[in-house]
Amino acid sequence: MRRRATSGSSAPSPATAPGATITGDVVFEQGPPQVQPGQTAPVVRVNAQIADPENNMGMPGPQPATVTPDNTFTLKGLMGEFLLRGNAPGQFLKRVMVGAEDITDTPREFKNGDKVTLVMTTRASTVEGNVTDAAGKPVTDAALIIFSDDKSAWRMNSMRTRRTTVNPSGHYRAMGLLPGRYYILATTRERVNVPSMNVDPSFFEELAKEATTVVVGEDEQRQVDLKMVVPATGGGDGIQPR
């Protein structure tokens, strides 16, 4: 229930409240990014992504936090539910933990004092291959989507969802995949390049029916050739009308 402001109230409104401040550390499983001779140390950042863009349109996100030389960070201004992501040259986010809880793909409303650990790895996998049409000819205009077979990860901003395209020779390459079982589909750009706020689980349900299944291990290079899938005219696409 919304409370009516009183003349003596000093509490900040939601629009001006500073939000939560959290601290954390970044763990590099195979060691931090290497500094090449003559170069400065690479910048490592932690950023917060709005978990539900549809219900938070217009809400500003917090500024990214720069990781200090001792691999710690402070992130301020968290209001609402967020997903945390890390960026470091040659590294891929593997896991986000609050205590013993894995929140990598779980939206969380952070509280002051929360302590977070981001685990980064260089041992992510790559899946690549060629896309051809029904006649076996290379397809030069296609979009690829790779997503987990775990329905709890069926969201565009999941760490286990990747979108990419083919090059002029019909070849695609998707990097940074964590171990697991995935669906992969080559289809039209219009079918895949949709705003995250317009996508619900039925979007992935429809794609899964036509997708190829692939199991990815740690630090693998997989070759998966695909046939272009063109949706039937008038078929459902799992996109919610706006």
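Residues numbered from 1 in each chain as written. Predicted model: local features only at pLDDT ≥ 70, side-chain atom pairs only at ≥ 80, totals over all residues. Heavy atoms only, no water.

Caption draft 1: Geometry of the environment of serine 152. Among the secondary structure elements, serine 152 is positioned in the loop between strand 11 (143–148) and strand 12 (162–165). On a C-alpha basis, the gap between serine 152 and proline 201 in space is 9.1 Å, while along the polypeptide they are 49 residues apart. A distance of 2.9 Å separates the side chain of serine 152 from the side chain of aspartate 150, its partner in a polar contact. (Helix = DSSP H or I, 4+ residues; strand = E, 2+ residues; numbered from the N terminus. Polar contact = N/O pair within 3.5 Å; in protein donor to acceptor, adjacent residues only side chain to side chain.)

Caption draft 2: Representation of the environment of threonine 188 in the model. Relative to the assigned elements, threonine 188 resides in the loop between strand 14 (180–187) and helix 1 (189–192). Setting aside its immediate chain neighbours within four residues, threonine 188 contacts Ala143, Met228, Val229 and Pro231. (Contact = heavy atoms within 4.5 Å.)

Caption draft 3: Region of interest: the sheet that holds strand 8 (residues 108–109). Strand order in the open sheet formed by 4 strands is 3-2-5-8, with antiparallel pairing between adjacent strands. In this open sheet, the two strands that pair with only one neighbour each are strand 3 (65–66) and strand 8. Bridging between strand 5 (residues 81–87) and strand 8 involves 2 bridges; their strand directions are antiparallel. Counted as the bridge partner of glutamate 81 is glutamate 109 from strand 8. (Pairing = 2+ DSSP bridges.)

Caption draft 4: Expanded view of unusual backbone geometry. Unlike most non-glycine residues, asparagine 71 shows phi in positive territory, near 65 degrees. Structurally, asparagine 71 is set in the loop between strand 3 and strand 4 (72–78). In this structure, aspartate 219 is a non-glycine residue whose phi angle is positive, near 55 degrees. With respect to the element layout, aspartate 219 can be found in the loop between strand 15 (212–216) and strand 16 (221–223).

Caption draft 5: Summary view of the pattern of salt bridges. What the rule picks out here adds up to 14 salt bridges. Ionic pairing is found between lysine 94 and glutamate 29, a salt bridge with its closest N-O pair at 3.1 Å. Note that lysine 94 is positioned in strand 6 (residues 92–98) and glutamate 29 in the loop between strand 1 (20–28) and strand 2 (45–50), a separation of 65 residues in sequence. Note on lysine 94: relative accessible area 22%, which makes it partly exposed. For glutamate 29, a relative accessible area of 37% puts it in the partly exposed group. Notably, a salt bridge pairs arginine 123 with glutamate 218, separated by 3.4 Å at the nearest N-O pair. (Salt bridge = Lys/Arg side-chain N within 4 Å of Asp/Glu carboxyl O. Buried < 20%, exposed > 50% of the residue type's maximum accessible area, 1.4 Å probe, protein only.)

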